[in-house]
Protein chains: 2
Amino acid sequence: MTWSLSVALAERAYPIHIGTGLIGDRDLYQPHLSSSQVMIVTNETVGPLYRDAVLGALEGYQVAEVVLPDGEQFKTLEVWNRIFDALLQARFGRDCTLIALGGGVVGDMAGFAAACYQRGVGFIQVPTTLLAQVDSSVGGKTGINHPAGKNMIGAFHQPRAVIADTATLATLPQRELSAGLAEVIKYGLIRDDAFLSWLEAHMAELLARDPDAIAYVIRRSCEIKAEIVAADEHEAGQRALLNLGHTFGHAIETASGYGAWLHGEAVGVGMCLAADLSMRLGWMTDTDLARVRRLVTSAGLPTAAPADLTPEQFMEHMSVDKKIQDGRLRLVLMRYPGEALVTADIDPDLLYATLAVASE
Amino acid sequence: MTWSLSVALAERAYPIHIGTGLIGDRDLYQPHLSSSQVMIVTNETVGPLYRDAVLGALEGYQVAEVVLPDGEQFKTLEVWNRIFDALLQARFGRDCTLIALGGGVVGDMAGFAAACYQRGVGFIQVPTTLLAQVDSSVGGKTGINHPAGKNMIGAFHQPRAVIADTATLATLPQRELSAGLAEVIKYGLIRDDAFLSWLEAHMAELLARDPDAIAYVIRRSCEIKAEIVAADEHEAGQRALLNLGHTFGHAIETASGYGAWLHGEAVGVGMCLAADLSMRLGWMTDTDLARVRRLVTSAGLPTAAPADLTPEQFMEHMSVDKKIQDGRLRLVLMRYPGEALVTADIDPDLLYATLAVASE
């Protein structure tokens, strides 16, 4: 069964299709291809598994392919440029379409290449990881990393469609499944306490990849994300809530060298730190904090930052966060589980205290 | 005297200020700076001449500077990345503003960096060449070159303001002045026969840098460009007319190695080739063609392509043009001097005939 919803963005509105076996469904691609020229952007791991299915759906099109190395450490300017090499090699025009076949790294790079090739071409997201299906493929944030900061170079560029085939999760390593669950938990923490309770009750089924449970969390996550993105496409306001745990998490990823931590793992720790600081600010209770840490742990995720990351280093890496305004750090914190807020009003001593116990 | 006009793009509308001594006028910058963080992007040639004037206008702001090498051959991914290095080094946030101080290359690279830094920050164009003042600083086309094609990687990103100080043209090499006049002639050829006649009558004054004559052509060029851009920001239709001579010209630039030809020089030849093909198609007369070539020559520009560029090589380089649709080359040609059109209906034999005499 296919379940579809729409990201309501006027002339940039697009569908998200969620279901089993969608990856080979020609009808889901066809309405979104602007000419016969189609470039599949994938990586060494995902490409061999699913390229034939995608190719099957694109019979009669002029399809080319570029295969990138797999991992966050390759989300660089140099690797990104290979997509342009391939597009120009194939002589593709401004009416071509890119298909991002892979996880968040592939989606971010292919989407950013689509944003910039000949000043903008269309692209379709075909996410094959849980993290990409619940989060990164939806909403049009694309980009690459700079050695000094995650996702510092990028664009808002909405896909023409998202095709989330849940069958692709069968080949996903358990560590990546857990990383995806971090973003799922995030949606509960920022605005849906009932969903949070559901996750607490069904985490074992999710880890066992029960198809109904997985399908449900993808749907609910995409619903929340689509709603927030439709209300605030370019993050002038509430969209920043989707960054719960990300300022801390990006610091961990940058400090550890991209690729050492999975993005979702770093976000898991980041949410625990956001909860810790929210408690120190007097908003969350000890019980709330314990609940967040328990849920993150239950998803198979770490709750502690690397032991060698000092508070000073944390602050250094957090000082290039995209939410900074007028030189002031802003953080997404929680009033209580199920309601997040963005604040710049942070007592530096309390933040330091949180960072000082980050590896505990 | 300052002369101002507006590019009417609703919430992205912005002013173009044209006049003498504007570069140090604080009041022209201030309304467009979103925070105290300002990054001047310039090059080795222009920076030393004008940075102090700009700095004077920005007293009290936190100003950083990045100085790029000078020339089209440096409009690359690697050099572009230095702007991000500088922005992150300075810890600049999403509310910073870039100032592009220089010619078209600096404007294109700084504008594209502004489009992508933290997914988009503001920028101000301070063009210091005639070409940048009459053309490239207005309209929001930004980007960099790929070895296989000019401006293949880029974005539409409108500046917050254009500050064209005509006094900066005093230091412009004569070759660059001529290159700028190519784009001026272009405006006449695509939609203003009266302006074309004016240019024929006043070319000597322009080459002698008569301030009134120069100020007039900048104003008239910006008027025409602002009108076309406001009607078709993303080049879905008539904006393509602004590319008269550019498909041929880009092929010359790419084939010769970026930097060997100035962009305006290549466009000058390109306009002659467009006129030649327009004549072969039966639209323009021999007299019209001779008029175009005479005007281009009178501006101190070449009318012939490099002798070693074969028609086959021309076609190869033209095959990655951004105006290609459904794999078909589209060219901007002329009905007569003063009216251009875009067409894909081109007899290949006639095109070959034009390319065969391109170096004559």
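- As recorded in an unreviewed UniProt entry, chain A goes by 3-dehydroquinate synthase and comes from Thiocapsa imhoffii.
- Looking at chain A in UniProt, the text filed under Pathway (unreviewed entry) is "Metabolic intermediate biosynthesis; chorismate biosynthesis; chorismate from D-erythrose 4-phosphate and phosphoenolpyruvate: step 2/7."
- The annotation that UniProt attaches to chain A under Subcellular location (unreviewed entry) is "Cytoplasm".

Looking at the relation of the copies chain A and chain B
And then number 1: Under the fitted operation, chain A is carried onto chain B by 0.0 Å of movement along the axis and a turn of 180°, and the coordinates agree to an RMSD of 0.0 Å. The transformation just described matches what one would write down for a two-fold rotation axis. For chain A, the minimum C-alpha distance to the rotation axis belongs to A:Leu77 and amounts to 3.9 Å.
And then number 2: When the interface residues of chain A are mapped onto chain B, 100% of them again fall at the interface, so both copies present the same face.

With respect to the packing of helix H6 (residues 174-191) of chain A against helix H10 (residues 263-280) of chain A
All names here are of chain A.
And then number 1: At a minimum axis separation of 7 Å, H6 and H10 run at an interaxial angle of 40°. By the angle class used here, H6 and H10 are oblique. The element H6 and its partner H10 pack so that their crossing is left-handed. Between H6, through Arg175, Ala179, Ala182, Glu183, Ile185, Lys186 and Leu189, and H10, the contact on the second element is made entirely by His263, Gly264, Glu265, Val267, Gly268 and Met271.
And then number 2: Considering only residue class, the contact of H6 with H10 consists of six nonpolar, three polar and four charged.

With respect to the environment of A:Val126
Residues and elements named next belong to chain A.
And then number 1: Among the secondary structure elements, valine 126 is positioned in strand E6 (residues 122-127).
And then number 2: Considered as a pair, valine 126 and arginine 12 are 114 residues apart in the sequence and their alpha carbons are 18 Å apart.
And then number 3: With sequence-adjacent residues up to four places away left out, valine 126 is seen in contact with Ile23, Tyr29, Ile99, Ala100, Leu101, Gly102 and Ile163.

Thoughts on unusual backbone geometry
And then number 1: Non-glycine residue A:Ala10 carries a positive phi angle of around 45°.
And then number 2: By secondary structure assignment, the location of A:Ala10 is in the loop between strand E1 (3-7) and strand E2 (14-19).
And then number 3: On the basis of relative accessibility, which here comes to 65%, the residue A:Ala10 falls in the exposed class.
And then number 4: The phi dihedral of B:Arg91 falls on the positive side, at around 60°, and the residue is not glycine.

Some remarks on the sheet that holds E2(A)
Residue and element names in this part refer to chain A.
And then number 1: Taken in spatial order, the seven strands of this open sheet run E1-E2-E9-E6-E5-E3-E4, and their pairing is mixed. The open sheet terminates on both sides in strands that have one partner only, identified here as E1 and strand E4 (62-68). The mean angle between the axes of side-by-side strands here comes to 15°, regardless of whether they run parallel or antiparallel.
And then number 2: Pairing of strand E5 (residues 97-102) with E6, which is carried by six bridges, proceeds in the parallel orientation. If you follow leucine 98 over to E6, its bridge partner there is phenylalanine 123.
And then number 3: Packed on one face of the sheet, helix H4 (residues 104-116) meets strand E3 (37-43), E4, E5 and E6 and runs near 170° to E5.

A word on the interface of chain A and chain B
A common measure of how large an interface is: the accessible area buried when the components associate.
And then number 1: Tallying the contact residues gives 35 residues for chain A and 35 residues for chain B.
And then number 2: Carbon and sulfur atoms make up 53% of the area that chain A and chain B hide from each other, which totals about 3,400 Å².
And then number 3: In terms of surface lost to chain B, no three residues of chain A exceed A:Arg91, A:Arg94 and A:Arg119, which account for 24% of the buried area on that side.
And then number 4: Linking chain A with chain B are four salt bridges.
And then number 5: Where A:Glu235 meets B:Arg94, a salt bridge forms, and the shortest distance between an N and an O atom there is 3.9 Å.
And then number 6: There are 16 residue pairs in polar contact (both at pLDDT 80 or more) connecting chain A and chain B.
And then number 7: Secondary structure elements with two or more residues in the side of chain A that touches chain B: helix H3 (77-89), H4, strand E7 (141-146) and strand E8 (149-156) of chain A.
And then number 8: A class-by-class count of the residues in the side of chain A that touches chain B yields 15 nonpolar, nine polar and eleven charged.

So, the packing of helix H9 (residues 246-256) of chain B against helix H12 (residues 311-318) of chain B
Residue and element names in this part refer to chain B.
And then number 1: As a packed pair, H9 and H12 sit with axes 9 Å apart at the nearest point and diverge in direction by 105°. When the axes of H9 and H12 are compared, the pair comes out roughly perpendicular. When H9 is examined against H12, the residues Thr247, Phe248, Ala251, Ile252, Thr254 and Ala255 are found in contact with a partner set consisting of Phe314, His317 and Met318.

Section: the environment of B:Ala170
And then number 1: Among the structural elements, B:Ala170 can be located in the loop between strand E9 (161-165) and helix H6 (174-191).
And then number 2: The spatial distance from the C-alpha of B:Ala170 to the C-alpha of B:Thr128 is 9.6 Å, given a sequence separation of 42 residues.

A closer look at the packing of aromatic side chains
And then number 1: Within this structure, the stated rule accounts for eleven aromatic pairs over all chains.
And then number 2: Seen in terms of ring centroids, B:Trp198 and B:Tyr216 are 4.6 Å apart; in terms of plane orientation they differ by 55°. Their pairing is tilted. Note that B:Trp198 is positioned in helix H7 (residues 193-207) and B:Tyr216 in helix H8 (residues 211-231), a separation of 18 residues in sequence.
And then number 3: The ring of A:Tyr187 carries the charged tip of A:Lys186 above its face, separated from the ring centre by 4.9 Å.
And then number 4: Looking at A:Arg219, its charged tip hangs above the ring of A:Trp3, at a distance of 5.2 Å from the centre.

The rules behind the values
Residues numbered from 1 in each chain as written. Chains lettered and ligands numbered in written order. Predicted model: local features only at pLDDT ≥ 70, side-chain atom pairs only at ≥ 80, totals over all residues. Heavy atoms only, no water. UniProt positions renumbered as here; feature names shortened; annotations may be inferred. Least-squares fit on C-alpha atoms with pLDDT ≥ 70 in both. Contact = heavy atoms within 4.5 Å. Axes fitted to C-alpha atoms, helices over the stretch in contact; angles between N-to-C directions. Helix = DSSP H or I, 4+ residues; strand = E, 2+ residues; numbered from the N terminus. Parallel < 35°, antiparallel > 145°, perpendicular 65-115°, else oblique. Left-handed = near helix turned anticlockwise from the far one by under 90°. Nonpolar A, V, L, I, M, F, W, Y, C, P; charged D, E, K, R; others polar. Buried < 20%, exposed > 50% of the residue type's maximum accessible area, 1.4 Å probe, protein only. Pairing = 2+ DSSP bridges. Buried area = accessible area lost by both parts, 1.4 Å probe. Salt bridge = Lys/Arg side-chain N within 4 Å of Asp/Glu carboxyl O. Polar contact = N/O pair within 3.5 Å; in protein donor to acceptor, adjacent residues only side chain to side chain. Phe/Tyr/Trp six-rings, centres within 6.5 Å; stacked < 30°, edge-to-face > 60°. Lys NZ or Arg CZ within 6 Å of the ring centre and 35° of its normal.

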